Amino acid sequence: MSQVRTRVAPSPTGYLHIGGLRTALYAWLFARKHGGRFILRIEDTDVAREVPGAKEIIYSTLREAGLYYDEGPDVGGEYGPYIQSERREIYKKYAEELIRRGAAYRCFCTKEQLAEARAAAEARGETYTYDKRCLRLSEAEIQRRLDAGEPYVIRQNIPTEGETTYTDLVFGDITVPNADLDDNVLLKADGLPTYNLANVIDDHLMGITHVIRGVEYLSSTPKYNHLYRALGWEIPTYIHLPVVMKDKQRKLSKRHGDASYDDFIKKGYLKEALINYIALLGWSPGTEQEIFSLDELIEAFSLEGLSKSPAIFDVEKLTWMNAQYIRALPKEEFISRAMPYFKEAGVAHMDLNLIAELIQPRLERLDEIPPKLAFLTEMPAFGPELYAHKRSGTDAAKALPVLKEARAALAELDEYTVDSLKAALNALVEKLGVKTGFVYWPVRIAISGLEVTPGGPAEIACLLGKAETLSRLDTSIAELEKQQG
Ligand code: GLU
């Protein structure tokens, strides 16, 4: 096999969506696995749909996800330009070459004429295909119209008989009767190519050996193959990927606002978890292994593992996987990844090692951090019923004297560490001759205002520091005194 060259060819119409990222990942894995090259091409010929800034997001998303491309708009390469709008002259040249070879023709039909023909076909209950009327124009007529400056498109001249077959590595043999294929536009009146023309010209000129893309192109590939043949070019190997579904009925689609890479990152998913999960959307390693680093994916990836059944994007599974990844992060790394969320929670100045110990094992997503830690910066309002806890044998009335004792004990303590705080609280348990929970429960409620917290009273007091701990105890004691008259 000559050097493998794969590409990802997103349109800059928004953030990189999950399907696009999966295509990029598989193309990248296949190139890496075979010591080949992975190319980024920007397909921006649909000017109306282009979103400003989308190209840059594509570049940064691929880099952040670790899918470095060897050639592309912002890195260069021998086969550029890698942005389709900069390749106009190339498409024009080949469109004209296709006319010379009889595989394409100029069409001067107006929008109105085409709409009329379509309406007539529909009225007859037929699927509309262009009737090739401009194919029958004489050379002289064509020249006359060109001289008159009439706008025209260039259409593909597809044979009306026979059928076209090719083998897709995932979907197998695909055969389409030529009569079913429409003479689609290759070059628009504004001189820009359609996908039909551009994908063929670019994949060939960029030396792409394996075309990996979404299944939506599976049935139009015979059209593209007609172009390869007309130009005498070798047809690449095709690998079409199954759709990614949101559920059994609906496709995942960025047009419908479904989450993109960036959205998931903002929601506190780790890029490694997201990539790992996406790798399994339509590919299976053939083993039970589910957690893969990028290097392990390169090792395990093979085209045989690709599936043709639609893949369902299961957010719960992704979230489970994310929790595994969060748990596995070394503590320092966890702290640095979680920093934006610590800042948001207003706890970045606190003992982050201690916070990490408390929350890292319990998080599924990093964005759970601010709500989980909000009580550290702002004491939540709570009612006396929170003091009632059967197992600890306590309630609001029993809590009050305990809190007063605890207040005194913690006021005496100079250094607030988890150990010193535990020792002080345990000494109180001893002194009162009660169950641990009889002291721990009310103290935790009094300084956190919450029934469920990461860590117990010693950890929370340590994070709050002495002044804040005592002030919270004072407020809670005063509140109980007021309530109990
Ligand atoms: N620009 C096309 C898309 O975003 C790419 C298709 C392809 O990979 O050839 O769907």
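Residues numbered from 1 in each chain as written. Predicted model: local features only at pLDDT ≥ 70, side-chain atom pairs only at ≥ 80, totals over all residues. Heavy atoms only, no water.

Undergrad: I keep staring at the layout of surface pockets and nothing clicks. Help me out?
TA: Empty space among the atoms becomes visible once a probe the size of a water molecule is rolled across them. Quantified by volume, the second largest pocket comes out at close to 270 Å³. Lining the second largest pocket are 15 residues, and of these Cys109, Thr110, Lys111, Leu114 and Val153 lie nearest its centre. Sorting the residues of the lining of the second largest pocket by element identifies α4 (111-123) and β4 (153-156) as the ones contributing at least two each. Sort the elements by how many residues they give to the lining of the second largest pocket and α4 lands first, with three residues. When its residues are assigned to classes, the lining of the second largest pocket shows nine nonpolar, two polar and four charged. (1 Å grid on protein atoms, 1.4 Å probe; cavity = no way out; pocket = protein on both sides within 12 Å on 5 of 7 lines; lining within 4 Å. Points joined across faces, edges and corners; volume = space filled by probe spheres on them. Helix = DSSP H or I, 4+ residues; strand = E, 2+ residues; numbered from the N terminus. Nonpolar A, V, L, I, M, F, W, Y, C, P; charged D, E, K, R; others polar.)

Undergrad: What exactly am I supposed to notice about the site of the ligand here?
TA: As a structural note, the neighbourhood of the ligand is formed by Arg7, Ala9, Pro10, Ser11, Glu43, Tyr195, Arg213 and Tyr217. Ser11 is positioned such that a nitrogen or oxygen atom in its side chain is 3.0 Å from a nitrogen atom of the ligand. Protein contacts shield 82% of the accessible area of the ligand, which totals 300 Å² for the unbound molecule. In terms of residue class, the shell around the ligand is made up of four nonpolar, one polar and three charged. (Near = heavy atom within 4 Å. Polar contact = N/O pair within 3.5 Å; in protein donor to acceptor, adjacent residues only side chain to side chain. Areas by Shrake-Rupley, 256 points an atom, 1.4 Å probe, with all protein chains shown as cover.)

Undergrad: Just to check I follow, could you spell out the sheet that holds strand β7 (residues 185-187) for this structure?
TA: The strands making up a sheet associate through hydrogen bonds between their backbones, and the pairing can be parallel or antiparallel. Taken together, the three strands give an open sheet; going across it, the order is β3-β4-β7, and neighbouring strands pair in antiparallel fashion. Taken across any chain shown, the strands that pair with only one partner, and hence form the sheet edges, are β3 (104-107) and β7. Sheet twist, expressed as the average angle between the axes of neighbouring strands with direction ignored, equals 45°. Across four bridges, β3 lies against β4 in antiparallel orientation. Note on β4: the bridge partner recorded for Cys107 is Val153. Packing against the sheet, helix α3 (residues 88-100) makes contact with β3, β4 and β7, and its axis sits at approximately 105° to β3. (Pairing = 2+ DSSP bridges. Axes fitted to C-alpha atoms, helices over the stretch in contact; angles between N-to-C directions. Contact = heavy atoms within 4.5 Å.)

Undergrad: Looking at this structure, I do not really get the pattern of salt bridges. What am I missing?
TA: When their charged atoms lie close together, side chains carrying opposite charge are able to pair. According to the stated counting rule, one finds 33 salt bridges in the structure shown. Across the pair Asp74 and Arg63 runs a salt bridge, and its minimum N-O distance is 2.8 Å. Placement of the pair is Asp74 in the loop between α2 (54-64) and α3 and Arg63 in helix α2, with a sequence separation of 11 residues. Take Arg63: its relative accessible area is 30%, and that puts it in the partly exposed class. A salt bridge links Glu459 to Lys422; its shortest N-O distance comes to 3.4 Å. Of this pair, Glu459 sits in helix α18 (residues 457-464) while Lys422 sits in helix α16 (residues 418-432), and the two are 37 residues apart along the sequence. Connected through salt bridges with shared partners, the residues Arg7, Arg41, Glu43, Arg87, Asp202 and Asp203 form a single ionic network. (Salt bridge = Lys/Arg side-chain N within 4 Å of Asp/Glu carboxyl O. Buried < 20%, exposed > 50% of the residue type's maximum accessible area, 1.4 Å probe, protein only.)

Undergrad: How do you make sense of the nonpolar core when you look at a structure like this?
TA: If you look at the biggest cluster of nonpolar residues, it comprises 142 residues, and the most contacted ones within it are Leu62, Phe334, Phe342, Ile355, Ile369 and Leu376. Looking at this core element by element, the count peaks at 10 residues for helix α1 (residues 18-33). If near-sequence neighbours (up to four positions away) are discounted, Phe342 is found in contact with Phe334, Ile335, Val347, Ala348, Leu352, Ile355, Ile359, Ile369 and Leu373. If you look at the next biggest cluster of nonpolar residues, it comprises nine residues, including Ala121, Tyr130, Cys134 and Val153. (Core = buried A, V, L, I, M, F, W, Y, C linked by side-chain atoms within 4.5 Å.)

Undergrad: Help me understand the packing of helix α15 (residues 396-412) against helix α19 (residues 466-484), please; the structure alone is not making it clear to me.
TA: In the contact formed by α15 and α19, the axes pass within 10 Å of each other and the chain directions differ by 150°. Between α15 and α19, the interaxial angle falls into the category roughly antiparallel. Crossing geometry of α15 relative to α19 is assigned as left-handed. Between α15, through Ala396, Ala397, Ala399, Leu400, Leu403, Lys404, Arg407, Leu410 and Ala411, and α19, the contact on the second element is made entirely by Lys466, Thr469, Leu470, Leu473, Asp474, Ile477, Leu480, Glu481 and Gln484. When grouped by side-chain class, the residues that make up the contact of α15 with α19 number 11 nonpolar, two polar and five charged. (Parallel < 35°, antiparallel > 145°, perpendicular 65-115°, else oblique. Left-handed = near helix turned anticlockwise from the far one by under 90°.)

Undergrad: Please explain helix α14 (residues 369-377) as it appears in this structure.
TA: Every α-helix winds through 3.6 residues per turn, so residues three or four apart in the chain are directed the same way. Of all the positions in α14, only Ile369, Pro370, Leu373, Phe375 and Leu376 are classed as buried. Of the surrounding secondary structure, the elements contacted by the buried residues of α14 are α12 (331-345), α13 (352-359), α17 (436-448), α18 and α19.

Undergrad: What is the right way to read unusual backbone geometry from this model?
TA: Residues apart from glycine generally show negative phi values, whereas peptide bonds are mostly found in trans. Cis peptide bonds are those with omega within 30 degrees of zero, and the linkage from Gly80 to Pro81 qualifies with -5°. Its place among the elements puts Pro81 in the loop between α2 and α3.

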